[in-house]
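Overview (structure and organization)
Okay, here's what each chain looks like letter by letter:
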Amino acid sequence: MPTITDLPDELLDEIAFFLPKGTLFSLCTVSHRFQPRAMRWLYRCLALAGNGETIKICKVLVSNHLAATSVRKVLLWPGLAFSRQHITGGPFYLYLSAFYKLLSRALSCTTNVESIRLMFPYCGASLALDACTFPNLRSFATTMEPYTLASFVRRHPQLQELHISPSDARSIPLSEFSGIYLSLLKSVCLPEPLLFMVSPEAPLQSLLSAEIEDDNEEIPNYIRHISRHCTTLTELHLCRPHWNADALMHVATLLPNITNFTFTRMAPGLQHDSKVAFLDACEAALPFFSSLSLIRVESARNDGRLRFTRVSDYRCDFKMVHTWGNKCPTLSICVFPSGTAWHRLEDNVWMPDLHQKAAIRWFFEAAFTSQFPIDVMGSLQQFCDSIGKVDTLGLLDFRSPSTLESLGLYPQAEEDEPDDDSSEADESDVEIEEEDQEI
């Protein structure tokens, strides 16, 4: 009688891909044939948060070649246990600490890694990359201070995605980047001087502007430079402290061929009047875009909490998305500051992201009050009667990711209502032992 061991390796790989982490751990101990199948997916994406679990993972990577070569993505999160100044005592101590030596050894073994996200707040984490070279690295994002940044970038000319967001752009030593040319760059987040220095002829497709100055002369000059040097650009994301109504028309007239545009207001506070003026400016600029497919207008939250939408938000934004759709026929996805996200089904028929509870409530309200065209009401009626099981229009296929997800920085799951009972437990510190002792 045939058993699972009779299946070809390719099929076993597909099965292992869908298994949860705990099952993969168990599968590693079954047999020599199952171990590489499970190991490949168990260590493919690592989130190292600077805690006891990170130390265990690093030890495995150092001692197990199969696990190390299976790693493709690494996220180094700000593990407080290893980045608090009262524990580390400064950059020099961090460099000599047993943890960072172990981390450096572990990372140097992951020769097949393709993506690294380094989000440690202090420079000690970056020192772990000093001796590391990743021949297959394609994507690198960091918020670290630029103590060793230039030398790391110089060792990886094959980078296609580079996001550098230091706390102070003026701290980047531009002279150290002299002679570095990243000719394959496609997606970047760099200060303006560094952008045109390292990628003068790169085929840039996506640009995130992390500059937060809001000078009236700075924005048009910046957009003008981009239009001259980044002729292949299709995605632009501007971050500014306040709603800047003039920015939209500059983008529309100087970069009319972009397909995706995002504007994020970074400063906290409502500022309702300026937001309304900004949305009006968006409406006026839309006809100048020739290929715009997605527009996202959002306000950053300084407390780290997700934005929760209400039914009233959908009622208001439903009218706005119809107006915007008429102004720009190529537009297919809209995200508004309220948090509502919309996608175009056909002509000017717009539907919200139905993975939010408020959107579901608004949708049933709109469907039963005949706010949609007659030609789609039959399919909508089937969707409502079956409680979403009959989805001929693909209403549930659309889900608007958060901005950080779209940038590939953090995976986030959005909820609609906060859980008042939830609480975050502070993680206890992990002792850092000397090198001659067991870590």
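Residues numbered from 1 in each chain as written. Predicted model: local features only at pLDDT ≥ 70, side-chain atom pairs only at ≥ 80, totals over all residues. Heavy atoms only, no water.

**Some words on the overall build of the protein chain**
The helix and strand inventory of the protein chain stands at 18 helices and 13 strands. Considering only contacts in the protein chain between residues 6 or more positions apart, those separated by 24 or more positions represent 63%. Entry remark: accessible area of the protein chain is about 21900 Å², with carbon and sulfur atoms responsible for 54%. (Helix = DSSP H or I, 4+ residues; strand = E, 2+ residues; numbered from the N terminus. Contact = heavy atoms within 4.5 Å. Areas by Shrake-Rupley, 256 points an atom, 1.4 Å probe, with all protein chains shown as cover.)

**With respect to the environment of Leu292**
Mapped onto the secondary structure, Leu292 falls in the loop between helix H14 (272-285) and strand E10 (294-299). For Leu292, a relative accessible area of 0% translates into the label buried. Considering only alpha carbons, one finds Leu292 and Glu235, 57 residues apart in sequence, at a separation of 9.5 Å. What Leu292 contacts, discounting residues up to four positions off in sequence, is Ile258, Thr259, Asn260, Phe261, Leu286, Cys328, Thr330 and Leu331. (Buried < 20%, exposed > 50% of the residue type's maximum accessible area, 1.4 Å probe, protein only.)

**A closer look at the pattern of salt bridges**
Evaluated as defined, the whole model comprises six salt bridges. Of the charged contacts in the structure, one is a salt bridge between Asp13 and Arg40, with a shortest N-O distance of 3.1 Å. Of this pair, Asp13 sits in helix H1 (residues 9-17) while Arg40 sits in helix H3 (residues 34-42), placing them 27 residues apart in sequence. Classification of Asp13 as buried rests on a relative accessible area of 13%. Residue class for Arg40 comes out partly exposed when judged on its relative accessible area of 34%. Measuring nitrogen to oxygen at the nearest pair gives 2.9 Å for the salt bridge that ties Arg315 to Glu365. One end of the pair, Arg315, is in helix H15 (residues 311-327); the other, Glu365, is in helix H16 (residues 357-368), and 50 residues separate them in sequence. With relative accessibility at 29%, the residue Glu365 sits in the partly exposed group. (Salt bridge = Lys/Arg side-chain N within 4 Å of Asp/Glu carboxyl O.)

**Examining helix H12 (residues 218-229)**
Along its 12 residues, H12 runs 17 Å from first to last C-alpha, staying within 8% of the 16 Å computed at 1.5 Å per residue. If you follow the buried residues of H12, they end up packed against helix H11 (192-198), strand E7 (206-209), strand E8 (235-240) and helix H13 (245-254). (Expected span 1.5 Å × (residues − 1).)

**What to know about unusual backbone geometry**
Although it is not a glycine, Ser370 adopts a positive phi angle of roughly 55 degrees. Tracing the backbone shows Ser370 in the loop between H16 and helix H17 (374-385). The class for Ser370 is exposed, based on a relative accessible area of 58%.

**A short note on the packing of aromatic side chains**
Here the structure, examined in full by the defined rule, presents 19 aromatic pairs. Between the aromatic rings of Phe363 and Phe364, the centroid separation amounts to 5.8 Å while the plane-to-plane angle is 80 degrees, which identifies the pairing as edge-to-face. Judged by relative accessible area, Phe363 falls into the buried class, the value being 0%. Relative to Phe368, the ring of Phe364 has its centre 6.4 Å away and its plane inclined at 20 degrees; by these criteria the two rings are stacked. Of the two residues, Phe364 and Phe368 both sit in helix H16, four residues apart, roughly one turn of that helix. Classification of Phe368 as exposed rests on a relative accessible area of 52%. (Phe/Tyr/Trp six-rings, centres within 6.5 Å; stacked < 30°, edge-to-face > 60°.)

**A few points about H13**
Considered for burial, the residues of H13 that qualify are Ala247, Leu248, Val251 and Ala252. Down the axis of H13, the buried side of the element spans an arc of 130 degrees, and every buried residue falls inside it. Packed against the buried residues of H13 are H12, E8, strand E9 (260-265) and H14. Two to three positions downstream of the cap, the backbone nitrogen of Asp246 sits 3.2 Å from a side-chain oxygen, assigning the N-cap of H13 to Asn244. (Arc of directions from axis to C-beta. Polar contact = N/O pair within 3.5 Å; in protein donor to acceptor, adjacent residues only side chain to side chain.)

**Some details on the confidence of the model for the protein chain**
With 78% of its residues at a pLDDT of 70 or more, the protein chain shows a mean pLDDT of 78. Ranking the elements of the protein chain by mean pLDDT puts helix H18 (residues 403-406) last, at 44, and strand E11 (residues 333-335) first, at 94. Note on residues 80-88: pLDDT is under 50 here. Beyond four places in sequence and across chains, it has 27 contacts. Under a pLDDT of 50 for its full length, residues 302-306 has, in the predicted model, seven contacts with residues more than four places off or in other chains. (pLDDT = per-residue confidence, 0-100.)

**A word on the packing of H16 against H17**
Their axes nearest at 11 Å, the elements H16 and H17 cross at an angle of 130 degrees. For the element pair H16 / H17, the angle class is oblique. Our pair here, H16 against H17, has a crossing hand that is left-handed. Along the contact surface, H16 presents Phe363, Phe364, Ala367 and Phe368, while H17 presents Met377, Leu380, Gln381, Phe383 and Cys384. Tallied by class, the residues present in the contact of H16 with H17 amount to eight nonpolar, one polar and no charged. (Axes fitted to C-alpha atoms, helices over the stretch in contact; angles between N-to-C directions. Parallel < 35°, antiparallel > 145°, perpendicular 65-115°, else oblique. Left-handed = near helix turned anticlockwise from the far one by under 90°. Nonpolar A, V, L, I, M, F, W, Y, C, P; charged D, E, K, R; others polar.)

**Some points on the side chain of Glu298**
With respect to the helices and strands, Glu298 occurs in strand E10. Despite its burial, Glu298 remains without a salt bridge, the nearest opposite charge being carried by Arg296 at 4.2 Å. A polar atom in the side chain of Glu298 sits 2.7 Å from the side chain of Thr264. (Lys, Arg positive; Asp, Glu negative; His and termini not counted.)

**Examining a nonpolar patch on the surface**
Together, Ile4, Leu11 and Ile15 make up an exposed nonpolar region whose accessible area comes to about 230 Å². Along the chain, Leu11 turns up in helix H1. With relative accessibility at 38%, the residue Leu11 sits in the partly exposed group. (Patch = residues over 30% accessible without salt bridge, like charges linked within 9 Å, V, L, I, M, F, W, Y side chains within 5 Å.)

**With respect to the side chain of Arg37**
Here Arg37 shows up in helix H3. Classification of Arg37 by relative accessible area gives buried; the value is 12%. For Arg37, the side chain forms a polar contact with the side chain of Asp13, separated by 2.9 Å. When neighbours within four sequence positions are excluded, Arg37 is seen to be in contact with Asp9, Leu12, Asp13 and Ala16.

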